[in-house]
Amino acid sequence: MNWKPLIKRCMAQVTIMVVPHSRGRVFKVNISAVSLLVLLFLSCVGAVYLVSLSIRTMDYYAMKNRLSRFSKEFNELRSTVVSLKETDRELSRLLSFKSKNSILESAPMRDTGSLDIDLLKRQVRETIESVAAVKSFMAEQRDLYLATPLGWPVTGSITSGFGLREHPITGERTNHTGVDIRAAMGSSVRATASGIVSFSGWTNGSGYIVVLEHGHGFSTAYAHSKENLVVAGQRVRKGQDIAFSGSSGASTGPHVHYEVWKEGKQVDPSPYLEEKP
């Protein structure tokens, strides 16, 4: 085969002219045909490389953004789990409730077998909110329990109940606003709920009397004492001695006149009495 014509054609000179729009000088470049082909080939390879590099760069930044988002979600999830641990420990003392482990064990899975992070975060957040609501409710119930008068203020027996009765001194039929509990002279009179002393002193009819404010609308009064042991403004706890029983004021014998007030009204103390101490 005769290669000379082909070689001659490849080595033939090609003139490339650059003609500016203005009246400037025309640029001419003489180059062989084979060199032009090589140059075009290298240009195509370079273009393909630049496009590939651009795509990889875009993928890199997209991956970086996804990694940043996943890292943020992980930190948020870790923060919620830490909060759940703190509330879970306290809640387990109060009542039986779904714990963090139960949530994680029952957490929904995607088709890939991985945890559904968004749904898990929502469940953890809802559980924390539920825990907070239960804690708030338990705190309110505890405050209400501590404010509710329960138990006997003194060891003894009821001699006169709540309601209409004949007054032991005047003989008139009057409304008895509490209960009378017979007790030996000098017996300890105890607060039936925690509270603050709003009055401690003498009145003509009731003798030495102590009045306690417990909150949640509850107040109690202890009358006809021999001696008061507390003063106005003092904070007392349930079961604390506040007076010694006696027969001061309008009284026919040693006893404690005990009253329970709810929302400013006298109510029958009997439902609030537990077994005798």
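*Asks:* Would you take a moment to explain the packing of aromatic side chains for this structure?
*Replies:* Each aromatic ring pair is specified by the distance between its two centres and by the angle formed by the two planes. The tally for this structure, following the rule as stated, stands at 3 aromatic pairs. For the pair Phe-218 and Tyr-272, a centre-to-centre distance of 5.9 Å together with 75 degrees between the ring planes defines the contact as edge-to-face. You can see Phe-218 sitting in strand β10 (residues 218-228) and its partner Tyr-272 sitting in the segment after β14 (265-267), a full 54 residues away along the chain. In terms of burial, Phe-218 and Tyr-272 fall into one category: buried. With 5.4 Å between their ring centres and 40 degrees between their planes, Tyr-222 and Tyr-258 make a pair best called tilted. Of this pair, Tyr-222 sits in strand β10 while Tyr-258 sits in strand β13 (residues 255-262), and the two are 36 residues apart along the sequence.

*Asks:* I tried to follow the confidence of the model for the protein on my own but got confused; where do I start?
*Replies:* Any region with low pLDDT has predicted coordinates that should not be read closely. Averaged over all residues, the pLDDT of the protein is 77; the fraction at 70 or higher stands at 61%. Residue range residues 95-101 is modelled with pLDDT below 50. Its contacts to residues more than four positions away, or to other chains, number 13 contacts. In this model, residues 103-111 is a region of pLDDT below 50 whose contacts with residues beyond four sequence positions or in other chains number 20 contacts.

*Asks:* How should I be thinking about unusual backbone geometry in this particular structure?
*Replies:* With the exception of glycine, the majority of residues adopt a negative phi angle, and the majority of peptide bonds are in the trans configuration. In this structure, His-216 takes a positive phi of about 55 degrees despite not being glycine. Here His-216 lies in the loop between β9 (207-215) and β10. Note on His-216: relative accessible area 46%, which makes it partly exposed.

*Asks:* Sorry if this is basic, but what is going on with the side chain of Asn-228 here?
*Replies:* Within the fold, Asn-228 resides in strand β10. In terms of polar contacts, Asn-228 uses its side chain to reach the side chain of Ser-200, at 3.3 Å. Only 3.2 Å separates the side chain of Asn-228 from the backbone oxygen of Ile-209, close enough to count as a polar contact. For Asn-228, the contacting residues outside a window of four places in its chain are Ser-200, Gly-201, Tyr-208, Ile-209, Val-210, Ile-242 and Ala-243.

*Asks:* Sorry if this is basic, but what is going on with the side chain of Ser-219 here?
*Replies:* Relative to the helices and strands, Ser-219 is located in strand β10. Residue classification places Ser-219 among the buried positions, given a relative accessible area of 8%. Within the structure, the side chain of Ser-219 is placed 2.6 Å from the side chain of Glu-213, a separation counted as a polar contact. In contact with Ser-219, other than residues within four places in its own chain, are Leu-212, Glu-213, His-214, Glu-259, Val-260 and Trp-261.

*Asks:* Honestly, the pairing of strand β12 (residues 241-245) in this entry has me stumped. Any pointers?
*Replies:* As paired elements, strand β7 (residues 188-190) and β12 share 3 bridges and run antiparallel to each other. Residue pairing across strands places Val-189 opposite Ala-243, the latter belonging to β12. Here 3 bridges tie β10 to β12, and the two strands are oriented antiparallel to one another. Across the sheet, Glu-227 pairs through a bridge with Phe-244, a residue of β12.

*Asks:* Whenever I open this one, the environment of Glu-227 confuses me. Can you help?
*Replies:* Tracing the sequence through the fold places Glu-227 in strand β10. Overall, the relative accessible area of 40% leaves Glu-227 in the partly exposed class. Contacts of Glu-227, omitting those with residues within four sequence positions, involve Ala-243 and Phe-244.

*Asks:* Is there a simple way to explain the nonpolar core in this structure?
*Replies:* Buried together is how nonpolar side chains tend to be arranged in soluble globular proteins. Residues Val-210, Leu-212, Tyr-222, Val-236, Ile-242 and Tyr-258 are the most contacted members of the largest nonpolar core, which totals 21 residues. Broken down by secondary-structure element, the contributors of at least two residues to this core are β6 (179-182), β9, β10, β12 and β13. Per-element accounting of this core gives the leading share, 3 residues, to β13. Excluding residues within four positions of it along the chain, Ile-242 makes contact with Val-189, Arg-190, Ala-191, Val-210, Leu-212, Tyr-222, Asn-228, Leu-229, Val-230 and Val-236.

What counts and how
Residues numbered from 1 in each chain as written. Predicted model: local features only at pLDDT ≥ 70, side-chain atom pairs only at ≥ 80, totals over all residues. Heavy atoms only, no water. Phe/Tyr/Trp six-rings, centres within 6.5 Å; stacked < 30°, edge-to-face > 60°. Helix = DSSP H or I, 4+ residues; strand = E, 2+ residues; numbered from the N terminus. Buried < 20%, exposed > 50% of the residue type's maximum accessible area, 1.4 Å probe, protein only. pLDDT = per-residue confidence, 0-100. Contact = heavy atoms within 4.5 Å. Polar contact = N/O pair within 3.5 Å; in protein donor to acceptor, adjacent residues only side chain to side chain. Pairing = 2+ DSSP bridges. Core = buried A, V, L, I, M, F, W, Y, C linked by side-chain atoms within 4.5 Å.

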